[in-house]
Amino acid sequence: MTTTYSGPARLILVDGACISGMASLSTNQRGGLNGWGGTFRPDEITTDLRNAVEGLQLELPYDRMGTVAVTGIRKLLATQVLMSLTGRGPAPF
């Protein structure tokens, strides 16, 4: 069974900076692996965000948090990027 979440989220960087945006996440329970991941589209792009890789927190509504790592950044438009995320530990949705 796949669980999904799509909606507002905040990416919290290692230095505590918060970046708001939209997340689209899902769990993948293949072969007993309880992994999760998806994409995050930030409202703004900062240098810190571009350099962020590990140790990030993704905060969903109702104070639900998950640890994520950035596995890729794709440019959508001149002012927008789509970040690929891989979750660590239990999914927050």
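Scroll up for the structure.
Reading guide: rules and limits
- Starting afresh in each chain, residues are numbered from 1 along the sequence in its written order.
- Restriction of local features to residues with pLDDT of at least 70 applies here, the model being predicted, together with a cutoff of 80 or more for giving and counting side-chain atom pairs; totals for whole chains, interfaces and linings are based on all residues.
- Water and hydrogen atoms were dropped before computing side-chain values, which therefore reflect all heavy atoms in the structure.
- Joining through side-chain atoms within 4.5 Å is the link that ties buried Ala, Val, Leu, Ile, Met, Phe, Trp, Tyr and Cys residues into a set, and such a set is a nonpolar core.
- Only protein chains enter the area calculation, which uses a 1.4 Å probe; residues under 20% of their type maximum are buried, those over 50% are exposed, and those in between are partly exposed.
- Going along the chain from the N terminus, every DSSP run of H or I of four or more residues is numbered as a helix, and every run of E of two or more is numbered as a strand.
- Note on definitions: a residue-residue contact is assigned when non-hydrogen atoms from the two residues lie within 4.5 Å.
- Between N or O atoms, a polar contact is any pair within 3.5 Å; within protein, one atom must be a potential hydrogen donor and the other a potential acceptor, and residues adjacent in sequence are included only when both atoms are from side chains.
- Note on aromatic contacts: the rings of Phe and Tyr and the six-membered ring of Trp form a pair at centre separations within 6.5 Å, being stacked when their planes are under 30 degrees apart, edge-to-face when over 60 apart, and tilted otherwise.
- A pair is scored as a salt bridge if a Lys or Arg side-chain nitrogen falls within 4 Å of a carboxyl oxygen belonging to Asp or Glu.

Things to note about the nonpolar core
Item 1. Residues L11, L25, F40, L58 and M83 are the most contacted members of the largest nonpolar core, which totals 20 residues.
Item 2. Among the secondary structure elements, those contributing two or more residues to this core are β1 (4–12), β2 (18–30), β3 (33–42), β4 (56–60), β5 (64–77) and β6 (80–88).
Item 3. With residues near it in sequence (within four places) discarded, F40 still touches A9, L11, I19, S20, G21, M22, A23, L58, V81, L82, M83 and L85.

Concerning the side chain of T27
Item 1. Tracing the backbone shows T27 in strand β2.
Item 2. For T27, a relative accessible area of 7% corresponds to the buried category.
Item 3. Here T3 takes part through its backbone nitrogen, which lies 2.9 Å from a polar atom of the side chain of T27.

Examining the packing of aromatic side chains
Item 1. Counting across every chain of the model gives 1 aromatic pair.
Item 2. Here W36 and F93 contribute two aromatic rings whose centre-to-centre distance is 5.9 Å and whose plane-to-plane angle is 80°, an arrangement assigned as edge-to-face. Of this pair, W36 sits in strand β3 while F93 is found in the segment after β6, placing the two residues 57 residues apart along the sequence.
Item 3. Accessibility expressed as a relative area gives 4% for W36, which makes it buried.

Things to note about the pattern of salt bridges
Item 1. Tallied over the full model, the rule gives 2 salt bridges.
Item 2. Measuring nitrogen to oxygen at the nearest pair gives 2.7 Å for the salt bridge that ties E59 to R10. Here R10 lies in strand β1 and E59 lies in strand β4, a separation of 49 residues in the sequence.
Item 3. Here E59 falls in the buried class, since its relative accessible area comes to 17%.
Item 4. Between E54 and R88 there is a salt bridge, with its nearest N and O atoms 2.9 Å apart. Placement of the pair is E54 in the loop between α1 (47–51) and β4 and R88 in strand β6, with a sequence separation of 34 residues.
Item 5. For E54, a relative accessible area of 45% puts it in the partly exposed group.
Item 6. Under the relative-accessibility criterion, R88 is labelled partly exposed at 38%.

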